[in-house]
Amino acid sequence: MADSGTKSIFEGRVRARVCGILQEEGAILMLKHKGIGPNGYFWSPPGGGIEFGESAEGALKKEFLEETGLRVSIGQFLFVNEYQDDRHHAIELFFEVTRIAGEIQLGQDPELPKNEQILEELKWLSFAEIKTMDSGFLHNAFRLTQEPNQITELRGFFKFGNISIK
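Position numbers for residues start from 1 in each chain and track the written sequence from start to end. Reporting in this predicted model follows two pLDDT cut-offs: at least 70 for local features of residues, and 80 or more for side-chain atom pairs to be given and counted; totals over whole chains, interfaces and linings ignore these cut-offs and use all residues. To get the side-chain values, all heavy atoms of the structure are used, and hydrogens and water are removed first.

Chemist: Teacher, can you tell me more about the nonpolar core here?
Modeler: Taken as a class, soluble globular proteins show a tendency for nonpolar side chains to be buried jointly. Counting 18 residues, the largest nonpolar core has Ile-28, Met-30, Phe-79, Phe-94, Phe-142 and Ile-151 as its most contacted members. Comment: elements are numbered from the N terminus, with helices defined as DSSP H or I runs of at least four residues and strands as E runs of at least two. Only strand 1 (14–24), strand 2 (27–34), strand 5 (71–84) and strand 8 (156–160) provide two or more residues apiece to this core. Tallying contributions element by element places strand 5 first for this core, with three residues. The criterion is simple. A nonpolar core is a set of buried Ala, Val, Leu, Ile, Met, Phe, Trp, Tyr and Cys residues joined through side-chain atoms within 4.5 Å. With a 1.4 Å probe rolled over the protein chains alone, any residue whose accessible area is under 20% of its type maximum counts as buried; one over 50% counts as exposed, and the rest are partly exposed. Counting residues in each nonpolar core, the second largest holds 14 residues, with Leu-60, Val-97, Leu-119 and Leu-122 among its members.

Right, dumping it as structure tokens:
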């Protein structure tokens with residue numbers, strides 16, 4: 001993320017984030033972020049920053065609608081992931097979510113100008129597809145599972161480094 005505007009938004013501060021695991025028919029809804037990670041792109045569950053005065057659940061519902069076009073209900077809290085490298089530091093709260101309305105469509109990150117969007121693709125990834133991906137292309141939480149569907153069985157606090165997240 002070489003743009004100085006992007007750096008001022010996502011770098012050099014601690015960010016509180018929420019992420020939602022939406023599973024349907026043996027697949028997880030994932031977003032491809034360009035310009036992130038060691039391989040130039042990165043797949044992760046939808047989610048984003050929590051704003052001052054906003055609840056975690058409210059932020060996750062908002063992020064899902066902005067990024068995927070879906071209205072979701074928030075289910076069980078799963079785990080906390082802390083990510084830290086020399087530029088980024090994020091505390092992420094993961095929840096299970098369920099679709100309640102809407103059609104899947106790639107949205108935008110409202111924190112970024114239209115010409116600097118990093119959301120590149122929205123796709124259902126099967127457990128088999130996720131399992132065969134190089135870990136450098138996936139959110140680090142998937143490193144904790146032997147089977148991708150185990151992501152909703154994780155509980156606790158996890159800490160990672162080396163892969164940049166927004």
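Chemist: Looking at this structure, I do not really get unusual backbone geometry. What am I missing?
Modeler: In terms of backbone geometry, most residues other than glycine have negative phi values and most peptide bonds are trans. Non-glycine residue Glu-25 carries a positive phi angle of around 50°. The topology assignment puts Glu-25 in the loop between strand 1 and strand 2. Overall, Glu-25 belongs to the exposed group, its relative accessible area being 84%.

Chemist: What am I meant to see in the pairing of strand 2 here?
Modeler: A regular strand places its side chains on the two faces of the sheet in alternate fashion. Of all eight residues making up strand 2, seven are buried, and the element is well covered by its neighbours. Following DSSP output, two strands are said to pair if at least two bridges run between them. By the bridge criterion, two bridges tie strand 1 to strand 2 in an arrangement that is antiparallel. Residue Glu-24 lies in a different strand from strand 2, and its bridge partner there is Ala-27. Following strand 1, the chain reverses through two residues before pairing antiparallel with strand 2; Glu-25 in that reversal takes a positive phi of roughly 50°. Where strand 2 and strand 7 (residues 119–126) come together, seven bridges link them in antiparallel fashion. Counted as the bridge partner of Leu-29 is Trp-124 from strand 7. Both strand 2 and strand 3 (residues 41–44) contribute to a ladder of four bridges, which runs antiparallel.

Chemist: Where do I start with helix 2 (residues 56–68) in this structure?
Modeler: Given a helix with a known number of residues, its expected span is that number minus one, times 1.5 Å. Taking 1.5 Å of rise per residue, 13 residues should cover 18 Å, and helix 2 covers 18 Å from first to last C-alpha, within 8% of that figure. Along helix 2, the residues that are buried comprise Ala-56, Ala-59, Leu-60, Glu-63, Phe-64, Glu-67 and Thr-68. Taken around the axis of helix 2, the buried residues stretch over an arc of 135°, which confines them to a single face. Contact definition: two residues touch when any of their heavy atoms are within 4.5 Å. Contacts from the buried residues of helix 2 go to strand 1, strand 2, strand 4 (47–49), strand 5, strand 6 (89–101) and strand 7. Gly-69, located one to two residues past helix 2, shows a positive phi value of around 80°. Our arc is simply the arc of the directions from the helix axis toward the C-beta atoms.

Chemist: Hey, could you run me through the pattern of salt bridges in this one?
Modeler: Pairs can form between side chains of opposite charge once their charged atoms are near each other. The rule for a salt bridge is simple: a side-chain nitrogen of Lys or Arg has to be within 4 Å of a carboxyl oxygen of Asp or Glu. Throughout the structure, instances matching the rule amount to seven salt bridges. The salt bridge partner of Glu-24 is Arg-99, with a shortest N-O separation of 2.7 Å. Taken together, the residues Glu-24 in strand 1 and Arg-99 in strand 6 connect sequence positions 75 residues apart. You can call Arg-99 partly exposed: its relative accessible area is 27%.

Chemist: What is the right way to read the environment of Leu-70 from this model?
Modeler: Here Leu-70 lies in the loop between helix 2 and strand 5. Residues Leu-70 and Thr-98, spaced 28 residues apart in sequence, show a C-alpha to C-alpha distance of 9.6 Å. Leave out the neighbours within four places in its chain, and Leu-70 touches Leu-22, Leu-29, Phe-64, Leu-65, Arg-99, Ala-101, Gly-102, Glu-103 and Ile-104.

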